[in-house]
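# Descriptive analysis of the structure
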Amino acid sequence: MEAILVSVKQPPPNPDHVARIQAEWARERPDLDVGPQGVIGRLHRLGLLLTDRLALVYRRYGLSEGEFDVLAALRRAGEPFERAPGELAVHTMVTTGAMTKRIDRLERDGLVARRRSAADGRGRVVALTPAGLELIDRAFTEHMENERTLLEDGLSAQEAAQLEALLTAWLARVEPPPSA
């Protein structure tokens, strides 16, 4: 894949926020190619805007983004919908301390329960309660409808497929491979 970097000298006729920043940097630091900001800056801004729109669904179910992630990780585990706390931390990419806080709140709300592991009596697991299972199934259904709307409102099916392929390739080069 060829790298495509574009030096921005003049902003386009209707510049977006990133184009304005690029133009300012190009004016102030003409010795630097600010082209990468076009991709990275827009990905960052888009990520923030999408997160705000995704969080609307989580809040409708009384959840934070992190709590939604925990419930979703438990649901994806399949029956009996449980994982060890350390495993949950890995699946949601947070520290064990942050995971403990999330689990505490979800347990207080009756959405998860902690118990001894059936496989290892010394270990502990976190499991979805029936209320947690019902909530995550409803929330995830609406979450997927929301994601579909966000994607369809912004891109054609072909554009979405192209973007997914590009992001998949880029992520594979940047993200460390999963440990076995």
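Residues numbered from 1 in each chain as written. Predicted model: local features only at pLDDT ≥ 70, side-chain atom pairs only at ≥ 80, totals over all residues. Heavy atoms only, no water.

## Observations regarding the overall build of the protein
Tallying secondary structure elements over the protein gives 7 helices and 3 strands in all. Helices (α) and strands (β) of the protein occur, in sequence order from the N terminus, as α-α-α-β-α-α-β-β-α-α. Taken over C-alpha atoms, the radius of gyration comes to 21 Å for the protein, far larger than the 16 Å a tight globule of 180 residues would show. Taken along the three principal axes of its C-alpha coordinates, the protein extends 65 × 35 × 30 Å. Surface exposure of the protein reaches about 12300 Å², of which carbon and sulfur atoms provide 58%. Both charge centroids of the protein, one from 24 positive and one from 27 negative side chains, sit 5 Å from each other. (Helix = DSSP H or I, 4+ residues; strand = E, 2+ residues; numbered from the N terminus. Rg over C-alpha atoms; globule rule 2.2 N^0.38 Å. Areas by Shrake-Rupley, 256 points an atom, 1.4 Å probe, with all protein chains shown as cover. Lys, Arg positive; Asp, Glu negative; His and termini not counted. Charge placed at Lys NZ, Arg CZ, Asp CG, Glu CD.)

## Here's the deal with a nonpolar patch on the surface
A grouping of Val39, Ile40, Leu43, Leu163, Leu167, Trp170 and Val174 is seen on the molecular surface, where their side chains present a nonpolar patch of about 580 Å² in accessible area. Counting residues per element, the ones that place at least two in the nonpolar patch are α2 (36-60) and α7 (157-174). For the nonpolar patch, the leading source of residues is α7, giving 4 residues. Mapped onto the elements of the fold, valine 39 is located in helix α2. Exposure remark for valine 39: the relative accessible area of 45% places this residue in the partly exposed category. (Patch = residues over 30% accessible without salt bridge, like charges linked within 9 Å, V, L, I, M, F, W, Y side chains within 5 Å. Salt bridge = Lys/Arg side-chain N within 4 Å of Asp/Glu carboxyl O. Buried < 20%, exposed > 50% of the residue type's maximum accessible area, 1.4 Å probe, protein only.)

## Looking at the confidence of the model for the protein
Mean pLDDT over the protein works out to 89, with 92% of the residues at or above the 70 mark. Predicted confidence in the protein is weakest over helix α4 (residues 85-92), with a mean pLDDT of 85, and strongest over helix α6 (residues 130-154), with 97. (pLDDT = per-residue confidence, 0-100.)

## Considering α6
Counted at 1.5 Å a residue, the expected span for α6 with its 25 residues is 36 Å, and the 36 Å between its end C-alpha atoms agrees. Along α6, the residues classified as buried are Gly132, Leu135, Ile136, Ala139, Glu142, His143, Asn146 and Leu150. For α6, the elements touching its buried residues are α2, α3 (65-76) and β3 (124-128). (Expected span 1.5 Å × (residues − 1). Contact = heavy atoms within 4.5 Å.)

## A few points about the sheet that holds β3
In space, the 3 strands of this open sheet follow the order β1-β3-β2, with antiparallel pairing throughout. The open sheet has two edge strands with one neighbour each: β1 (82-83) and β2 (112-116). Relative to β3, β1 is paired through 2 bridges, and the arrangement is antiparallel. Counterpart to glutamate 82 in the pairing with β3 is alanine 127. Sheet strands touched by α3: β1, β2 and β3. Its angle to β3, the strand with the most contacts, is close to 95 degrees. (Pairing = 2+ DSSP bridges. Axes fitted to C-alpha atoms, helices over the stretch in contact; angles between N-to-C directions.)

## A short note on unusual backbone geometry
Between glutamate 79 and proline 80 the backbone carries a cis peptide bond, its omega angle lying at 10 degrees. Considering the arrangement of structural elements, one finds proline 80 in the loop between α3 and β1. In this model, phenylalanine 81 sits at a positive phi of 55 degrees, which is unusual for a non-glycine residue. With respect to the helices, strands and loops of the structure, phenylalanine 81 is situated in the loop between α3 and β1. A relative accessible area of 11% places phenylalanine 81 in the buried class.

## Digging into the pairing of β3
In terms of burial, β3 is largely enclosed, as 4 of its 5 residues are buried. Two strands pair when backbone bridges link them, and β2 and β3 are joined in this way by 5 bridges, in the antiparallel orientation. Following the sheet pairing, valine 112 is matched in β3 by leucine 128.

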